[in-house]
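What follows is each chain in one-letter form.
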Amino acid sequence: SLWCFYGLSMYFFTDMDGPTLALAIMSLPLFSYTGVVTAEAGVVDLKDIKPYLMRLFPSARRRMSALPETRRQLQADLRSFVKEIGPKLGEIYYKKDIDWEQIQADARKLGQIPPVHPSPERPAGEDGTDDAKKKDV
C-alpha cells in the first residue's frame, strides 16, 4: 500500500535511525486519520459559507429575501390542511397516546386494511412447507 511505499522510501532515501523510522511509519495511520478529519471539516465549512457568498449576487439576494414569505405561506397552507383533514381522522387526531396495533386490528376487522399475508420467504403450507414442493417418500 501507500504506507509501505512511504516506509521503504524513508528507509532507503533518508538517514533515519531505526527507532525514528519505526515511529514515523507507525505514525502514518494517525496522520491519515487527521488528514481525513481536517478535509471533512473543510468541506463542511465550504458548504456553510456558500449562502454567504451567494448573498453577494443581487439575483440570489432577491431569491433569499423572498424565502421567509414563502416559508410563512407554506406554514399557513399546512396548518389549514391539518385543521381541515385532522378531525376526519378521529381518535388518531385527538388522542395523546395511541395504540397503533389496536387501530390496525380494528381497521382489519372493518376491511379497511388488507390482511397480512405470509412473507415470500416462508412457504404457505400448514406445516411450513409448500405442498407442491413435497416429495413422495
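Residues numbered from 1 in each chain as written. Predicted model: local features only at pLDDT ≥ 70, side-chain atom pairs only at ≥ 80, totals over all residues. Heavy atoms only, no water.

**Some points on the overall build of the chain**
And then number 1: Along its length, the chain carries five helices and zero strands.
And then number 2: The helix and strand sequence of the chain, counted from the amino end, reads α-α-α-α-α.
And then number 3: The buried share of the chain, reckoned over its 137 residues, is 8%.
And then number 4: A sequence separation of at least 24 residues applies to 8% of the contacts in the chain between residues at least 6 apart.
And then number 5: Summed over its atoms, the accessible surface of the chain is roughly 12,600 Å², and 63% of this surface lies on carbon and sulfur atoms. (Helix = DSSP H or I, 4+ residues; strand = E, 2+ residues; numbered from the N terminus. Buried < 20%, exposed > 50% of the residue type's maximum accessible area, 1.4 Å probe, protein only. Contact = heavy atoms within 4.5 Å. Areas by Shrake-Rupley, 256 points an atom, 1.4 Å probe, with all protein chains shown as cover.)

**Re the pattern of salt bridges**
And then number 1: Considering all chains together, one arrives at two salt bridges under this definition.
And then number 2: Across the pair R72 and E69 runs a salt bridge, and its minimum N-O distance is 3.3 Å. Residue R72 and its partner E69 are located together in helix 3 (residues 58-85), separated by three residues, close to a single helical turn.
And then number 3: A residue is classified by how much of its surface remains accessible, and E69, at 44% relative accessible area, is partly exposed.
And then number 4: With a closest N to O distance of 3.9 Å, K95 and E91 form a salt bridge. (Salt bridge = Lys/Arg side-chain N within 4 Å of Asp/Glu carboxyl O.)

**Observations regarding the confidence of the model for the chain**
And then number 1: Overall, the prediction assigns the chain a mean pLDDT of 83, with 82% of residues at 70 or greater.
And then number 2: Between residues 126-137, whose pLDDT stays under 50, and residues either more than four places distant or in other chains, the model counts seven contacts. (pLDDT = per-residue confidence, 0-100.)

**A few points about helix 3**
And then number 1: Given a rise of 1.5 Å per residue, 28 residues ought to cover 40 Å, and the 41 Å separating the end C-alpha atoms of helix 3 matches this to within 8%.
And then number 2: In helix 3, a bend of some 30° at L67 exceeds every other bend along the element, and P68, a proline, comes one to four places later. (Expected span 1.5 Å × (residues − 1). Bend = angle between axes of the 7 residues up to and from the residue.)

**With respect to the environment of R61**
And then number 1: Note on placement: R61 falls in helix 3.
And then number 2: Judged by its relative accessible area of 38%, R61 falls in the partly exposed class.
And then number 3: In the structure, R61 is positioned ten residues away from P51 in sequence and 9.6 Å away in space, judged by C-alpha atoms.
And then number 4: In contact with R61, not counting residues within four places along its chain, are M54, R55 and L56.

**Considerations on a positive patch on the surface**
And then number 1: On the surface, R55, R61, R62 and R63 cluster together into a positively charged patch.
And then number 2: Mapped onto the fold, R63 is located in helix 3.
And then number 3: A relative accessible area of 55% places R63 in the exposed class. (Patch = residues over 30% accessible without salt bridge, like charges linked within 9 Å, V, L, I, M, F, W, Y side chains within 5 Å. Lys, Arg positive; Asp, Glu negative; His and termini not counted. Charge placed at Lys NZ, Arg CZ, Asp CG, Glu CD.)

**Focus: a nonpolar patch on the surface**
And then number 1: Where nonpolar side chains cluster on the molecular surface, the patch consists of L78, F81, V82, L89, I92, Y93, Y94 and W100 and spans about 810 Å² of accessible area.
And then number 2: Contributing elements (two or more residues each) for the nonpolar patch: helix 3 and helix 4 (91-94).
And then number 3: Among the secondary structure elements, I92 is positioned in helix 4.

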